[in-house]
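Read off the chains here:
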Amino acid sequence: MIYPATETFIHEAAHSIRLGGVVAFPTETVYGLGANALNAEAVAKIFEIKQRPFFDPLIVHVASHEMTREVVATLPDIALRCMKAFWPGPLTLVLPKSAIIPQIVTAGLDTVAVRMPEHEVAQKLIHASGVPIAAPSANPFGYLSPTTAEHVFSQLGDKVEIILDGGKCPVGVESTIIKIEDEGIVLLRYGGIPVEDIEAVAGKVSVIRKQEVEAPGQLPYHYAPETKIVLVKDVSKIPDDSSYGIIMYKKRDVAFKNIHIMYLSDDGDLRQAAANLFTCLHALDALRLSVIYAEEIPEIGLGKAIMDRLKKAQARHS
Ligand code: TXA
Ligand code: MG
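Keep in mind it's a predicted model, so treat the numbers as computed, not measured.

## A short note on the environment of Tyr-293
Step number 1: Here Tyr-293 shows up in strand E15 (residues 291-295).
Step number 2: Put simply, Tyr-293 and Leu-91 are 202 residues apart on the chain and 30 Å apart in space, counted from C-alpha to C-alpha.
Step number 3: The residues contacting Tyr-293, other than those within four sequence positions of it, are Val-230, Val-232, Ile-238, Tyr-244, Gly-245, Ile-246 and Ile-247.

See below:
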């Protein structure tokens, strides 16, 4: 059921987490499906609800630096610098794990992904639970991430007892994931913090080593709607057919009468485009169209995360 994220329901959700339950909650990126990260059985329920393969590790959400220190084995200087600059916020750090994190959370890896979310509801929920919360995005495995409580409900329905409704997620794409290694920083997923911003505070970030898939978010066909997605440079050539949809980068006059059009932004603001991306994909996917065309957007800053999700959605059907 969906409940408003009032103090009362946040505390009820925290109570459920303490008892080993699973709740859906908003973060600034997407909605998460959370359980006590220190309780292996509770975490197993997340995998069951999502139909997620056990080889795909989860992100542990924390609300304080003390909590971070409890879940990691070491906190190198470069990690501290990233935390200072981007936490709370959409940056996930992969670091050596501490012994209190069960294997199921990390899929047997000796590293753990940690993030301090900025969303007030997420922070209150973690504080009230008193434990770090392991949470993937609240969608069935491989499908689109939810950016509203309704998306969660329509994808997972009654499998989740409590869905805290905190409105639409302001960032709208998942966190950027980086792995901190002795040799430097490796990017595992483009996301809500642009790589350029990370490089400005922490130095060079090496981009994903293609052959070694470390995060299943790197699989070429992740984040896909059911409808076929086709990326196009020039939308003006698309036939004006009512079985088609278009996601356009910015608002402008077009001659289409029949095609279903949605806009990512008013005039090209990448932040606005990221915030609207999954909303547009969910809405057009629900219309059961034959094709959703997506206009290519500039691959700079947040544009990289947006294009990454669109390319992965396209890859599923090609
Ligand atoms: O914005 C977000 O990151 C959202 C919100 C809920 O926080 N969460 C999210 O979780 O996107 P999920 O599970 O959908 O994606 C997490 C990614 C997965 O691709 C997983 O493989 C990777 O993080 N990951 C987790 N632990 C890892 C580790 N130890 N090493 C490498 N990748 C890891
Ligand atoms: Mg996900």
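And the narrative resumes.
## Observations concerning the packing of helix H4 (residues 77-86) against helix H8 (residues 195-202)
Step number 1: The contact between H4 and H8 brings their axes to 10 Å, and the two run at 125°. Taken as axis vectors, H4 and H8 run oblique relative to one another. Read as a crossing pair, H4 and H8 show a hand that is right-handed. Contacts from Ile-78, Arg-81, Cys-82, Ala-85 and Phe-86 in H4 reach Asp-197, Ile-198, Val-201 and Ala-202 in H8.

## What about the nonpolar core?
Step number 1: The biggest cluster of nonpolar side chains holds 96 residues, and the ones touching the most others in it are Leu-33, Leu-91, Leu-93, Leu-125, Ile-178, Ile-185 and Ile-198.
Step number 2: For this core, the element with the highest residue contribution is helix H9 (residues 270-285), accounting for eight residues.
Step number 3: Both domains that meet at this core, namely domain 1 (2-207) and domain 2 (228-316), each give it at least three residues.
Step number 4: Once you skip the residues sitting within four places of it in the chain, Ile-185 turns out to touch Ile-78, Cys-82, Ile-178, Lys-179, Ile-180, Ile-198, Ala-202, Lys-204, Val-205 and Ser-206.
Step number 5: In terms of nonpolar packing, the next biggest core, distinct from the first, is built from ten residues, Met-248, Phe-256, Val-291 and Tyr-293 among them.

## Quick look at the sheet that holds strand E6 (residues 111-115)
Step number 1: Spatially, E1-E8-E2-E3-E7-E4-E6-E5-E9-E10-E11 is the arrangement adopted by the eleven strands of the open sheet, whose pairing is mixed. If you trace the sheet from one side to the other, it starts and ends with strand E1 (2-4) and strand E11 (205-206), each paired once.
Step number 2: Judged from the two bridges that link them, strand E2 (residues 23-25) and strand E8 (residues 162-165) form a sheet pairing that is parallel. Residue pairing for E8: Val-23 is matched across the bridge by Ile-162.
Step number 3: Across the sheet, H4 lies against strand E5 (91-96), strand E9 (176-181) and strand E10 (184-189), angled at about 160° from E5, the strand it touches most.

## Quick look at the pattern of salt bridges
Step number 1: Applying the stated criterion across every chain yields a total of 17 salt bridges.
Step number 2: Of the charged contacts in the structure, one is a salt bridge between Arg-52 and Asp-56, with a shortest N-O distance of 3.2 Å.
Step number 3: The class of Arg-52 is buried, set by a relative accessible area of 12%.
Step number 4: Here Arg-309 ties to Asp-308 by a salt bridge, and the two come within 2.6 Å at their closest N and O atoms.

## Overview of the domain arrangement of the chain
Step number 1: We note that the domain assignment places domain 1 (2-207) and domain 2 (228-316) within the chain.
Step number 2: A separation of 27 Å is found between the C-alpha centroids of domain 1 and domain 2.
Step number 3: At the interface, 21 residues of domain 1 touch 17 residues of domain 2.
Step number 4: Overall, the association of domain 1 and domain 2 removes approximately 1600 Å² of surface from exposure, summing both partners, and the carbon and sulfur fraction of that is 57%.
Step number 5: Interface area lost by domain 1 to domain 2 is led by Leu-144, Val-173 and Tyr-190, which between them contribute 33%.

Conventions used here
Residues numbered from 1 in each chain as written. Chains lettered and ligands numbered in written order. Predicted model: local features only at pLDDT ≥ 70, side-chain atom pairs only at ≥ 80, totals over all residues. Heavy atoms only, no water. Helix = DSSP H or I, 4+ residues; strand = E, 2+ residues; numbered from the N terminus. Contact = heavy atoms within 4.5 Å. Axes fitted to C-alpha atoms, helices over the stretch in contact; angles between N-to-C directions. Parallel < 35°, antiparallel > 145°, perpendicular 65-115°, else oblique. Left-handed = near helix turned anticlockwise from the far one by under 90°. Core = buried A, V, L, I, M, F, W, Y, C linked by side-chain atoms within 4.5 Å. Buried < 20%, exposed > 50% of the residue type's maximum accessible area, 1.4 Å probe, protein only. Domains from an automatic or database assignment. Pairing = 2+ DSSP bridges. Salt bridge = Lys/Arg side-chain N within 4 Å of Asp/Glu carboxyl O. Buried area = accessible area lost by both parts, 1.4 Å probe.

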